[in-house]
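Results of the structural survey
Here is how the chains run, residue by residue.
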Amino acid sequence: DGASSSVQVVQGAQGYVVLVTGVHEEAEDEDLFEAFAEYGDVSSIHLNPDRRTGYAKGYALLAFATREEAEEAIAEMNESELLGKQIKCAWAFSRGPIRLRARER
């Protein structure tokens, strides 16, 4: 869609980090690893639990060794289904213009 051409992706401390939203509350690290490992070397997964419930908060951060692996994971997994719930994938860290949806009125 051309969005990546105007945005500079920033490498995080652990690699190229993908933000995954819409994660099922009962998802575990292993579920994410199994879904994303075919796209490259997943060097780390951060799936933060809600302190009160102990369930996942609905998002995860996955680090890939290379930009190419992360790009493929975003392209292939964005708007796919994981544990019966649609997930969205995007770069976690980037520089450049933020595109906001135009609101009517």
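A short tour of the structure in this document, coming up. Computed from a prediction, not measured in an experiment: that's the story for all the values here.

Under the definition given, this model contains one aromatic pair. Between Tyr-16 and Trp-91, the ring centres sit 6.5 Å apart and the planes meet at 70 degrees, which makes this aromatic pair edge-to-face. A residue pair is termed long-range when its members are at least 10 positions apart, and Tyr-16 in strand E2 (residues 16-21) and Trp-91 in strand E7 (residues 88-91) qualify at 75 residues. Across this residue pair, the class does not change: Tyr-16 and Trp-91 are buried.

So, on to helix H2 (residues 67-77). Among the residues of H2, Glu-69, Ala-70, Ala-73, Ile-74 and Met-77 are the ones counted as buried. Across the axial projection of H2, the buried residues extend over an arc of 135 degrees, all falling on one side. With respect to the buried face of H2, the exposed residues turned more than 90 degrees away are Glu-68 and Ala-75. Buried residues along H2 sit against E2, helix H1 (29-36), strand E4 (59-64) and E7. Just beyond H2, the residue with positive phi is Glu-79, at close to 65 degrees.

Parameters at a glance
Within any chain, residue numbers begin from 1 and follow the written order of that chain's sequence. Thresholds applied to this predicted model are a pLDDT of at least 70 for local features of residues and 80 or more for the giving and counting of side-chain atom pairs; totals over whole chains, interfaces and linings are not thresholded and use all residues. Think of the side-chain values as coming from all heavy atoms in the structure, minus any hydrogens and water. Ring geometry is summarised as follows: Phe, Tyr and Trp rings, the Trp one being its six-membered ring, pair when their centres sit within 6.5 Å, and such pairs are stacked at plane angles under 30 degrees, edge-to-face over 60 and tilted between the two. Under the DSSP-based scheme used, a helix requires at least four consecutive residues in state H or I and a strand at least two consecutive residues in state E, with every element numbered from the N terminus. Any residue under 20% of the maximum accessible area for its type is buried, any over 50% is exposed, and the rest in between are partly exposed; the area is computed with a 1.4 Å probe on protein chains only. Directions are taken from the helix axis to each C-beta atom, and the arc is the one they span. Note on definitions: a residue-residue contact is assigned when non-hydrogen atoms from the two residues lie within 4.5 Å.

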